[in-house]
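Spelled out, the chains give:
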Amino acid sequence: MSDLLLLGLIGGLTLLLLLTLLAFARYSGLLAGVAVSAGSPPFRNVTVAYKFHVGPYSETGRLFTESCSVCPRLRSIAVYYDNPHMVPPEKCRCAVGSILSEGEESPSSELIQLYQKFGFKVFSFPAPSHVVTATFPYTTTLSIWLATRRVHPALDAYIKERKLCAHPRLEIYQQDQIYFMCPLARQGDFYVPEVKETERKGRGPAEASDAQLDGTGADTLSDASSVSLEVGPGSRETSAATLSPGVSSRSWDDSDTRSEHSYSESGASGSSFEELDLEGEGPLGEPRLSPEAEPLGAPKWPRELSTPEKGEE
């Protein structure tokens, strides 16, 4: 009788453990739906403190921890430049850090100097007119693992089906949500200087000279595509609002610093977002694009994009 009681107790505890794990997974977003759309970005122009990383994306956890330890109240951000399915893990590039300010607000010089003290660099990202975006619940550490395995395939399918050119890939961790964003405009402004430097080093002297000009004569490796903030004691730099008129007027299909195997390889063409039907307004009051809309233009850049998974990151 005691043996039966013991077996029943073990069975009950096992069932309770399984139910607990299932409840935890559900709370982490296991059953959450993934809705991908195109429209205005989920944030305005931002100034970030970041560290550049070349290597497996799975090693970026320490950079998140380091940036959060400097100022835990700030939102974390990561920008992934290479497709881990097409680029060797040791050559994958990304930038990880914290958002110092957003919109017209400029970060304090004290905050910038604090991050620079720990080896971070400061850079500004603009607010593109249109992006491909999705969200996922951020309630536990497991949410990150689930998000990267569910959201990225959904982004891939959306971009490929509509033949869009959307790169690089951004993740923004804000309160209880993870925002995924792929710019459809001003993509070159999201490439930090280190990415451009690795592009230069990866080309021979003659190739680097030729690659600086595209078919229209635009400088594809120009550091002027974004504003890098280097602040000394007692000084303060402005955010992306200080971009030169020539930069701010760039259209989304202008030249950029895409690598051979970057996330820009959509398998599809890079169709203009103006060719998609509009549906309502985005979070910033701009037109939001219909997820069902199909591109009408001819292909510009035939490319192939495989499904990224941050498990390999």
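Residues numbered from 1 in each chain as written. Predicted model: local features only at pLDDT ≥ 70, side-chain atom pairs only at ≥ 80, totals over all residues. Heavy atoms only, no water.

Where an unreviewed UniProt entry is consulted, the protein chain appears under the name Testis-expressed sequence 264 protein, with the organism given as Myotis davidii.

1. Brief notes about the overall build of the protein chain
A count of helices and strands for the protein chain gives 7 helices and 11 strands. Sorting the 313 residues of the protein chain into buried and exposed places 48% on the buried side. For the protein chain, contacts bridging at least 24 residues in sequence account for 76% of all contacts bridging at least 6. Carbon together with sulfur atoms contributes 57% to the accessible area of the protein chain, which is approximately 14500 Å² in total. (Helix = DSSP H or I, 4+ residues; strand = E, 2+ residues; numbered from the N terminus. Buried < 20%, exposed > 50% of the residue type's maximum accessible area, 1.4 Å probe, protein only. Contact = heavy atoms within 4.5 Å. Areas by Shrake-Rupley, 256 points an atom, 1.4 Å probe, with all protein chains shown as cover.)

2. Overview of helix α3 (residues 109–117)
All of the buried residues along α3 are Ser109, Leu111, Ile112 and Tyr115. Around the axis of α3, the buried residues are gathered within 165 degrees of arc, so they sit on the same side. Turned more than 90 degrees away from the buried face of α3, the exposed residues are Glu110 and Lys117. Glycine 119 occupies a position one or two residues after α3 and carries a positive phi of about 90 degrees. (Arc of directions from axis to C-beta.)

3. Some points on the pairing of strand β2 (residues 46–54)
Among the 9 residues of β2, 7 are classified as buried, and the element is accordingly described as predominantly covered. As judged from the 9 bridges shared by β2 and strand β4 (residues 93–102), these two strands associate in the antiparallel manner. Residue pairing for β4: lysine 51 is matched across the bridge by valine 96. Both β2 and strand β5 (residues 121–125) contribute to a ladder of 5 bridges, which runs antiparallel. Bridged to valine 48 within β5 is phenylalanine 123. (Pairing = 2+ DSSP bridges.)

4. Some remarks on the packing of aromatic side chains
Under the counting rule described, the total for this entry stands at 8 aromatic pairs. Between the aromatic rings of tyrosine 115 and phenylalanine 120, the centroid separation amounts to 5.2 Å while the plane-to-plane angle is 85 degrees, which identifies the pairing as edge-to-face. In this structure tyrosine 115 comes out as buried when scored by relative accessible area, which is 0%. Ring centres of tyrosine 138 and tyrosine 173 lie 5.4 Å apart, and the angle between their planes is 70 degrees; on these two criteria the pair is classed as edge-to-face. (Phe/Tyr/Trp six-rings, centres within 6.5 Å; stacked < 30°, edge-to-face > 60°.)

5. A word on the pattern of salt bridges
Counted by the stated rule, this structure contains 9 salt bridges. A salt bridge links glutamate 66 to lysine 51; its shortest N-O distance comes to 2.3 Å. Here glutamate 66 is found in helix α2 (residues 61–70), whereas its partner lysine 51 is found in strand β2, with 15 residues between them in sequence. Overall, lysine 51 belongs to the buried group, its relative accessible area being 18%. For the salt bridge of arginine 75 with glutamate 102, the shortest nitrogen-to-oxygen distance reads 2.9 Å. (Salt bridge = Lys/Arg side-chain N within 4 Å of Asp/Glu carboxyl O.)

6. Examining the environment of aspartate 176
Checked against the element boundaries, aspartate 176 lands in the loop between β7 (169–174) and β8 (177–183). For the pair formed by aspartate 176 and threonine 139, sequence separation is 37 residues and the distance between their alpha carbons is 5.7 Å. When neighbours within four sequence positions are excluded, aspartate 176 is seen to be in contact with Phe136, Pro137 and Tyr138.

7. Structural notes on a nonpolar patch on the surface
The grouping of Leu4, Leu6, Leu7, Leu9, Ile10, Leu13 and Leu16 at the surface amounts to a nonpolar patch, some 740 Å² of accessible area in total. You can see leucine 16 is positioned in helix α1 (residues 2–27). (Patch = residues over 30% accessible without salt bridge, like charges linked within 9 Å, V, L, I, M, F, W, Y side chains within 5 Å.)

8. Some thoughts on helix α5 (residues 193–201)
Taken together, the buried positions of α5 are occupied by Glu194, Val195, Lys196 and Glu199. Close packing links the buried residues of α5 with β2, β4 and β5.

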